Amino acid sequence: MVVGLEVHVQLKTATKIFCACSTDFGAAPNAHTCPVCLGLPGALPVLNDYAVDLATRAALALGCSVQSTSVFARKNYFYPDLPKGYQISQFDKPLATDGCVTIGTRGDGSKVNVGITRVHMEEDAGKSIHDRFPGATAVDLNRAGVPLVEIVSEPDMRSTAEVDAYLKTLKQILEYVAVSDVSMEEGSLRVDANISIRPRGETKLGTKTEVKNMNSFSGVVRALEVEFARQCAVLDRGDKVEQQTMLWDADAGEVRPTRSKEGSHDYRYFPEPDLPPLIVPLERIERIKRELPELPDARRARFTKEYPALTEYDVGVLTASRAMGDYFEGVAHRSGDAKTSATWIMGELFATLKATGQTIEHFTVRPADLADLLKLVGAGTISRSAAKQIFLTMGKTGDPPARIAERDGLLKVSDDDSLTRWIDEVLADNPDEARRFLGGEKRLQGVLVGYAMKKSNGAADPKRLNQLLAARLG
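Owing to the predicted nature of the structure, the values given are computational and were not obtained by experimental measurement. (Residues numbered from 1 in each chain as written. Predicted model: local features only at pLDDT ≥ 70, side-chain atom pairs only at ≥ 80, totals over all residues. Heavy atoms only, no water.)

Trainee: Even after reading the chapter, I still don't get unusual backbone geometry, so can you show me in this structure?
Mentor: Most of the time, phi is negative for any residue but glycine, and the peptide bond is trans. Located in the positive-phi region is Val182, a residue other than glycine, with phi close to 40 degrees. Its location among the elements puts Val182 in the loop between helix H2 (160-176) and strand S11 (189-196). Positive phi, close to 50 degrees, is recorded for Arg268, a residue that is not glycine. Within the element layout of this structure, Arg268 appears in the loop between strand S14 (254-260) and strand S15 (270-271). (Helix = DSSP H or I, 4+ residues; strand = E, 2+ residues; numbered from the N terminus.)

Here you go:
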């Protein structure tokens, strides 16, 4: 299998690339349109300058060389959802070229480097809707003119596992540098896959097909597996693979041809007469490069070095997103305990996010407050059981942990009188377990300590409880 991908990524701008219409998702059909994005006669495009910044940021994050001069071109084709009859894109002079993304290693230990051929800017088309009205196709032009970058890879991937790793790596990098929401569900990330096959050991590329209509990473993987099997079967029976565009039908689990594959000559590219060449001065490129955040690979390497108590798995989870890494470091620096911080984040915090539907970016508990909670546990001021209760309350109210602990009576109780009273009540409430424990069944000690902790609402000192219970055995 030989695969190269064309990934179309919507840039995170408030307005479209050549007009002031909103890019918000979910509006009524055709609500975000104007004479420019409708292609009405006499309407002229004006380039969104912020989109240029975002596209440059994406290109630099992918290791590309940004060209000081690039040119917009008209890509001519005729679809119902392309109101002008052409798409403004870039062709022979793109914004950036020659990047690279490392996605892991192969079985022989060699790194898998996927080359980035080019990153260019373009406008999106509208959307044809085939299932809303019986016997008719509707057209929604809200997406017409939405700013995109197209990231074109070299045919460097040799398996669907590598395709999946590349897409996840690309998505993570683009999220880190905040150029896109990269949501396939909302159409802000779309993938077209070029796939060919060749006998092992040969270097000449086979005839490729392009697979479209894939709406998830798993869908891309499955579609390529099916198309790979189809191409193998074609060659096995002595036929030739035809260069064509294939549509993935997820419901049927099959690919089917839709048209012969176009070449660049079919689109009749020529420079866009209504836009001058795009000039990105070197000082602007250098400024954007300086403003790039720490990228995923660099952050993983630094976490591994600076926090030796973390496992490779911990590092992978904590650097999965830029926001997650920032949150962890906020907790670890203030608490002084990286491993405990990681354990709480991957345990209690993740569970709370899942239960409440919150995201780490908008989580109620601030990193400083979680760090203060961990310091209260470390100092012996509260028990771990009480800390879990306090954390749940923090998630609901946003109050600092010390205030909750004092208000809710969760400060650790270590005096023997109180602990003895709870033990007596537990033994009285659970006579069967008490009789067996006092008769020498030591394994029940942990159960009785748990009952006592519950009776104290987590405030009891579990270590001292264990000592007092053990003393009852004489």
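The discussion continues.
Trainee: In this structure, what is going on with the sheet that holds strand S4 (residues 72-76)? I would like to understand it.
Mentor: Working definition: the strands of a sheet are paired by backbone hydrogen bonds and lie parallel or antiparallel to each other. Read from one edge of the open sheet, 3 strands run S5-S4-S15, paired in antiparallel fashion. Here the strands that pair on one side only, and so sit at the sheet edges, are strand S5 (86-90) and S15. Across 2 bridges, S4 lies against S15 in antiparallel orientation. Each residue of the ladder has a partner; that of Arg74, found in S15, is Phe270. (Pairing = 2+ DSSP bridges.)

Trainee: Can you help me understand the pattern of salt bridges in this one?
Mentor: Two side chains with opposite charge may pair up if their charged atoms get near one another. Enumeration according to the criterion identifies 43 salt bridges in this entry. A salt bridge links Asp297 to Arg300; the nearest nitrogen and oxygen atoms lie 2.4 Å apart. Highlighted residues: Asp297 and Arg300, both in helix H5 (residues 296-306), separated by 3 residues, approximately one helical turn. Judged by relative accessible area, Asp297 falls into the partly exposed class, the value being 47%. Here Asp314 and Lys339 are joined by a salt bridge, their closest N and O atoms 2.7 Å apart. Placement of the pair is Asp314 in helix H6 (residues 312-318) and Lys339 in helix H8 (residues 338-356), with a sequence separation of 25 residues. Put simply, Glu294, Arg299, Arg302, Glu306, Asp326 and Glu329 are held in one network by salt bridges that share partners. (Salt bridge = Lys/Arg side-chain N within 4 Å of Asp/Glu carboxyl O. Buried < 20%, exposed > 50% of the residue type's maximum accessible area, 1.4 Å probe, protein only.)

So yeah, pure geometry; function would need other evidence.
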